[in-house]
Amino acid sequence: MSEFKLISRHAGTILVGQLAVMAFGVADTVIAGRYSDAALAALSVGSALYISVYVGLMGIVQALLPVWAEMLGARRHEAVGQSLRQSLYLCSLISLAGMGVLLFPGPLLRWAEVPERMQGEVQRYLGVLAFAIIPSLLFKLYSTFNQSLGKPRLVTWLQIAALGIKIPLSIWWVGGGAGVPAMGAVGCAWATLIVNCTLLVLALVMLRTQDIYRPFRVWQRMERPNWPQLGMFLRLGLPGGMAYLVEVTSFTLMALFIARLGTVASASHQIAASVATVLYMAPLSIGVACSARVSFWLGAKRPDHAKRIVFMGLRLTALISIALSAILSVASFTLAGWYSATPEVVALASTLLLWVALYHLADSMQAVCAFLLRCYRITIAPLALYGVLLWGLGLYGGYQLAYRGIAGQAATQAASSFWAASTLAIGLVAFGLLGLLLLAVRRSQRLHAAAVGLQAV
């Protein structure tokens, strides 16, 4: 099978799974919203805090993909299994950190000025999810392992099946019935806990029974912590996790700032952010698929093949993002109408969606570049770019435009100012990461050529 077919199939499978996972949140929002406004409000605040914590920790786990793919390319199959066992120590450590934040969210809730009448339900919601984060991160570990092998299909089928469990459980426990009291937003958290535990059990069954895992000898006696290896995991994973956190919080804080402009602006931004998140799933899937193949060829000492995959991924991302942005530009008003029946919201959201179309062009390119840079062990520079540009230029610049004005210009008092500043910021991030990636590819080839030259001598 050609590399293009391998990557396309891999990315397509991951995309289906990611959309299934996104449907978890959409379903909870609809179910809680139909139960009561209070449940929906508690879910909105609680899920925002949970996602901020989870995404940062998930990024640490996801950063291990190139490590295992590179070992696979070097045909070090048993080393992959040993590394997977060592990663359990890392997963345990970060799970405990995440649990600590979710079990004691009081300082965060007070900082965010969440109304006291809402804090009780939010804390109960997060208290349940604190225990859901352990099986969730362990399943993410299994998912990342499969992606590094280029075998994401099992994970995708499990994610789709989990959706069939999640929705009826959320409906039942949110509204109550059959002897179960109505739990509101907390019912969504219990459903998530059950689904995550089920996914983890099924993942363990797959690891135990499927032939594709046998070469890695996963089920060996657990070794003691290998501190140098765990340190390498953290050096690679922490900047990756922080980068994810910066991306997520830039959207979260943008929503908080725009909320000051009123209900219409806030609702319109929510539509724009929702569409942007769905569009992001395409480059994310391509980035995962390409990084698995790039790391494989780097492990096999074939940087020329890795370079070919890098440029193939960039071209594929550019074509798909241009097509999606063009469709969004044409259908922005229609799409906004699917989300809302309020004319003012539809009008403003359709304008914001035009910014989303531009934003996606840069966002898709930077996402793929960020994944590929991890294959070359470059993580600190991307994190610095994210922090300075997304928080600095994007958030602060949007705030200045909207509320204070810039260079003698009056404040716009418009949500579009935040999207304009963020689009410029993500565009600069994309150019910066692309430059770093091209330098990394060139350096990898030079080092390989020098090593070959030394062996010839």
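Just above, that's the structure.
What you see is a predicted model; the values in this text were computed from it and never measured.

A. How the structure looks around the overall build of the protein chain. For the protein chain, the count of helices and strands is 14 helices and zero strands. Ordered by position in the sequence, the α and β elements of the protein chain form the string α-α-α-α-α-α-α-α-α-α-α-α-α-α. Since a compact globule built from 457 residues should have a radius of gyration of about 23 Å, the 22 Å found for the protein chain is in line with a globular shape. Along the longest, intermediate and shortest principal axes, the C-alpha atoms of the protein chain span 70 × 60 × 40 Å. Across the 457 residues of the protein chain, 52% fall into the buried class. Across the protein chain, every contact between residues at least 6 apart in sequence was considered, and the portion connecting residues at least 24 apart equals 81%. Distance between charge centres in the protein chain, computed from 32 positive and 14 negative side chains, equals 12 Å.

B. Layout of the pattern of salt bridges. Inspection of every chain in the model, using the stated rule, returns six salt bridges. Between Glu3 and Arg293 there is a salt bridge, with its nearest N and O atoms 2.8 Å apart. Here Glu3, found in helix H1 (residues 3-35), pairs with Arg293, found in helix H10 (residues 263-299); they are 290 residues apart in sequence, far enough to count as distant. Using a relative accessible area of 10% as the deciding quantity, one classes Glu3 as buried. You can call Arg293 buried: its relative accessible area is 18%. Between Asp211 and Arg214 there is a salt bridge whose closest N-O contact spans 3.3 Å. Classification of Arg214 by relative accessible area gives exposed; the value is 59%.

C. Just helix H12 (residues 343-375), in detail. Taking 1.5 Å per residue as the helical rise, H12 with its 33 residues ought to reach 48 Å, and the 47 Å between its terminal C-alpha atoms agrees with that figure. Where H12 bends most, at Tyr359, the angle is about 30°. Positive backbone phi, at 60°, marks Arg377, one or two positions downstream of H12.

D. Inspection of the nonpolar core at higher detail. Grouped together as the largest cluster of nonpolar side chains are 78 residues, with contacts concentrated most on Trp68, Tyr125, Ile133, Leu137, Tyr142 and Phe145. The element best represented in this core is helix H6 (residues 116-149), accounting for 15 residues. Tyr142 has contacts with Leu154, Val155, Leu158, Ala203, Met206, Leu207 and Tyr213, leaving out every residue within four places of it along the chain. With 62 residues, the next largest nonpolar core counts Ala243, Val294, Val356 and Val429 among its residues.

E. Structural view of the packing of H6 against helix H7 (residues 153-175). For the pair H6 and H7, interaxial distance at closest approach is 8 Å and the crossing angle is 145°. On H7, the residues that touch Phe139, Tyr142, Ser143 and Asn146 of H6 are Leu154, Val155, Leu158 and Gln159. Of the residues that constitute the contact of H6 with H7, the class distribution is five nonpolar, three polar and no charged.

F. Up close: H6. Compared with an ideal rise of 1.5 Å per residue, which puts 34 residues at 50 Å, H6 spans 48 Å between its outermost C-alpha atoms and is within 8% of the ideal. Taken as a whole, H6 carries its principal kink of about 35° at Ala132; the proline Pro135 stands between one and four residues after it. In terms of burial, H6 is largely enclosed, as 26 of its 34 residues are buried. Taken from the residues just after H6, Gly150 is the one with a positive phi, measuring 75°.

Reading guide: rules and limits
Residues numbered from 1 in each chain as written. Predicted model: local features only at pLDDT ≥ 70, side-chain atom pairs only at ≥ 80, totals over all residues. Heavy atoms only, no water. Helix = DSSP H or I, 4+ residues; strand = E, 2+ residues; numbered from the N terminus. Rg over C-alpha atoms; globule rule 2.2 N^0.38 Å. Buried < 20%, exposed > 50% of the residue type's maximum accessible area, 1.4 Å probe, protein only. Contact = heavy atoms within 4.5 Å. Lys, Arg positive; Asp, Glu negative; His and termini not counted. Charge placed at Lys NZ, Arg CZ, Asp CG, Glu CD. Salt bridge = Lys/Arg side-chain N within 4 Å of Asp/Glu carboxyl O. Expected span 1.5 Å × (residues − 1). Bend = angle between axes of the 7 residues up to and from the residue. Core = buried A, V, L, I, M, F, W, Y, C linked by side-chain atoms within 4.5 Å. Axes fitted to C-alpha atoms, helices over the stretch in contact; angles between N-to-C directions. Nonpolar A, V, L, I, M, F, W, Y, C, P; charged D, E, K, R; others polar.

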